[in-house]
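One-letter residues, chain by chain:
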Amino acid sequence: MHRLGSLLSHKPLLKPRTPLYSLILSSTFSYSPNSTEIFYDHLLKSCKGSSSLKQIHSALTTAGLITTSPHLSAQIIIKYAKCGDLNMARLLFDNINVCYDEPTSFLCNTMIRAYANVGQCFETIKLYSFMRKTGTFVNNYTYPFVFKACALNLLVREGKVVHGDALKNGFGSDLYVEAGLIDMYAKCGLFVDCRKLFDEMSTKDLVCWTAMITAYEQAEKPVEALILFKMMQQEEGLLADSIAVVSVASAVGQLGDVRNAQTVHGYAFRKSLIEELCVGNSILAMHTKCGNTEKARLVFDMMMERDVISWNSMLSGYTQNGQATEALLLFDEMRDSDCQPTPVTALIMVSACAYLGFLHLGRKFHDYIVDSRMEIDTNLANALVDMYAKCGDLEKAVDLFYGIPPTKRNASSWNALISGYGMHGYGKEALELFSRMQEEGVEPNHITFTSILSACSHAGLIDEGRKCFADMKRLSVTLEVKHHACVVDMLGRAGLLQEAFDLIKEMPSPPSDGAWGALLLACKIHGNMELGKTAASNLLQLEPNHTGYYVLMSNIYAASNKWKEVGKLRQDMKNKGLKKPAAFSMIEYGKDILGFHTADQENPYRHEVYRKMESLAIEMKLAGYLPDISCALHDVEEEDKEHMLNYHSEKLALAFGILKIDHGMVIRITKNLRVCNDCHSAFKIISHIYQRKIIVRDANRFHHFQGGTCSCKDYW
DNA sequence: ATAGGGTTAG
């Protein structure tokens, strides 16, 4: 930074020439190549690869053209720069400059461009300074390169100095220079300077508008971006080109605005812009961010060509919209395509496995990453830590975390590990890690606090959770609604229903469905029908079509034998066309993942599994287990309820595990819905009777059953 | 003979 600053403050040895002088220069020396030059020019233009370039280079040297033809020397420098051989380009540049009395602007611009394009700001600025020292005319071609280099390296100070030079030399109202400046100020985060410059421009072209729109979009101010886009169309009558569409699509995606998405899509279609790869990609990503994977897939299927960004966008679109299975299927297609997966692809697929809880598949992707020698950067390593934790293999998650070099661990790395410990019920460990994270100088963020609060809730660490919440207020961390919801959940599960309700009433912003939902769940666990009604009526205003809340409330009524109320809720659901999501449990068996529905009639193992379940029921009773029939929803005889409980999907999966999985092995089960009270008690007893370790994942929490107890100490 | 604005992951 300092070295660059001193470079710029150098007084030029020669007075820089004025624009007028350059005009004279360019008209006097207007260039026309001879036939030899045209021949070599052609050769250079058609040359591909560095070996043929070297051949042409030596031919040019032999012919003595390198030092006598400014055109050809510039062309070969451009070519070397494009091949990434900046050193050779520079060597040529220096040699040529020795041969001429003064370097030419064109050659310097060419060299500056080469440096700017790869972000070598130090060399860019050195060369700019060299031009000024030697009195080489700095022109409207030079500035955009310098600004680009400054933008890429966030060198605001240097950029401002060059900005001043541009103004002094009369290039302040060159559209190319101004667009470069807008972009530079935006990328450096100086939005005020950026907007001021933009507003003060007498004429603005499409590029300047797009640069300003992109500035807002990148700063996650999509509303402002769209306002500006409307102004551009209405006040200036400018029509968006493909780059403008890409930027606007991104803003619409941030808003998740379905209607605008349709408008942008329609525009891109009518103007045939959607046929361009990058436009197609951005429209695709826009739809997935609006939650519309079907539309996105339609765009994807219609694309004439696809690059890795198209594939990655579609894959992540599925994963983020809860269609991880679709992502897995699409990945198979990708492997048959001519697109090679990148570390970003791997990251998406690892998150898909995390979402599904497919440990076996997650391991396979991990192997795949290692086998294909993909670079595992911090992001990918974090995703792997998260995946192993969410798939139930906490030890492996911990291993991988410590494999990340301490200097490379960021907040997300710590968050993945902390939430991992929290999910598995290790609240004390999560809190310890939280302290260590801060000791090592990593700033906790809102996700860290969510993980910590939820860890306290899962482990029943009420006092610690309260303390943490108080600390957050003290540390002036921005308390979000979701943090309150975590505390409501913690208090509620612990049976402190009134305190939880008070917290909801005290919330600074209107309670989210998450907060009321946590309270409703607590009411179900602790059988509080009155408060449950309050929670449910608030919830049904916020989320009238959320099936889960209807089910919870009807569970509460059912537990108190209020069958009329249960019937009413059922009728409401029917009228709205809502269906209770089917309970579904999966168990890992060797390399397979086997699924069980409630009272499964199609499972190939159902006969032996049902037999085993019947004998398990007897064994459990002998060990003192009492069925918790409040978990059976149906308005039927007690005995039948008991019977029905035995066919909950997770119990069937467990019976299968006891039958088929070798005794020393952990039984891993994943359920899409929360495990019910009765299954929870049953699993504890079975873990004791059969001396098995059982790990169950439900709704993002783990239960480790062993020796008759559960890691969650019944705070679940 | 050289130029400015852009898409995926977290």
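Residues numbered from 1 in each chain as written. Chains lettered and ligands numbered in written order. Predicted model: local features only at pLDDT ≥ 70, side-chain atom pairs only at ≥ 80, totals over all residues. Heavy atoms only, no water.

1. Concerning the overall build of chain A
The cut-off we apply is this: In DSSP terms, a helix is any run of H or I states spanning at least four residues, a strand is any run of E spanning at least two, and both are numbered starting from the N terminus. Relative accessibility decides the category of a residue: with a 1.4 Å probe and only protein chains considered, values under 20% of the type maximum give buried, values over 50% give exposed, and everything between is partly exposed. Residue contacts are defined here by distance: any two heavy atoms, one from each residue, within 4.5 Å place the two residues in contact. Note that accessible areas follow from Shrake-Rupley with a 1.4 Å probe, and for residues the cover is restricted to the protein chains shown. The charge count includes Lys and Arg as positive and Asp and Glu as negative, but it does not include His or the ends of the chains. Here the site of a charge means NZ on Lys, CZ on Arg, CG on Asp, or CD on Glu.
Helix and strand counts for chain A come out as 38 helices and six strands. Its C-alpha atoms give chain A principal-axis dimensions of roughly 105 × 55 × 50 Å. In chain A, which comprises 716 residues, the proportion classed as buried is 50%. Within chain A, contacts between residues at least 6 apart in sequence are counted, and of these 63% link residues at least 24 apart. Taken as a whole, chain A presents about 34900 Å² of accessible surface, with 54% of it coming from carbon and sulfur. Both charge centroids of chain A, one from 75 positive and one from 79 negative side chains, sit 2 Å from each other.

2. Topic: a nonpolar patch on the surface
As a reminder, the rule being used: Candidates for patches are residues over 30% relative accessible area with no salt bridge; among them, like charges are joined within 9 Å and nonpolar side chains (Val, Leu, Ile, Met, Phe, Trp, Tyr) within 5 Å. We define a salt bridge as a side-chain nitrogen of Lys or Arg found within 4 Å of a carboxyl oxygen belonging to Asp or Glu.
A grouping of Val 223, Ile 227 and Leu 255 is seen on the molecular surface, where their side chains present a nonpolar patch of about 250 Å² in accessible area. With respect to the helices and strands, Ile 227 occurs in helix α14 (residues 222–236). Given the relative accessible area of 48%, Ile 227 is considered partly exposed.

3. Quick notes on the domain arrangement of chain A
Which entries qualify depends on this criterion: The domain boundaries here were taken from an automatic or database domain assignment.
Its domain assignment divides chain A into domain 1 (1–172), domain 2 (357–542) and domain 3 (584–710). Computed over C-alpha atoms only, the centres of domain 1 and domain 2 are separated by 54 Å.

4. A short note on the protein's contact with DNA strand B
Cut-off, in case you're wondering: Residues are classed as near a molecule or strand on a simple rule: at least one heavy atom within 4 Å of it. The definition of a polar contact used here is a pair of N or O atoms within 3.5 Å, where within protein one atom must be able to donate a hydrogen and the other to accept one, and adjacent residues in sequence count solely through side-chain atom pairs.
With respect to spatial proximity, 37 residues lie near DNA strand B, and among them Phe 106, Arg 113, Asp 205, Cys 278 and Gln 320 are the closest. In DNA strand B, atoms within 4 Å of the protein come 40% from sugar and phosphate. Within the side chain of Ser 316, a nitrogen or oxygen atom sits 3.4 Å from a phosphate oxygen of DNA strand B. Secondary structure elements with two or more residues in the surface near DNA strand B: α7 (105–117), α9 (142–152), α11 (175–187), α13 (206–218), α15 (242–255), α17 (277–289), α19 (308–320) and α21 (343–356).

5. Regarding the nonpolar core
What counts is decided by this rule: Working definition of a nonpolar core: buried Ala, Val, Leu, Ile, Met, Phe, Trp, Tyr and Cys residues. They are joined through side-chain atoms within 4.5 Å.
Counting 194 residues, the largest nonpolar core has Leu 60, Tyr 143, Ile 182, Val 245, Ile 283, Leu 519 and Leu 520 as the members making the most contacts within it. Discounting chain neighbours no more than four positions away, the residues touching Val 245 are Ala 240, Val 264, Tyr 267, Ala 268, Leu 273, Val 279 and Ile 283. Grouped together as the second largest cluster of nonpolar side chains are 34 residues, Ile 587, Ile 658, Val 675 and Tyr 690 included.

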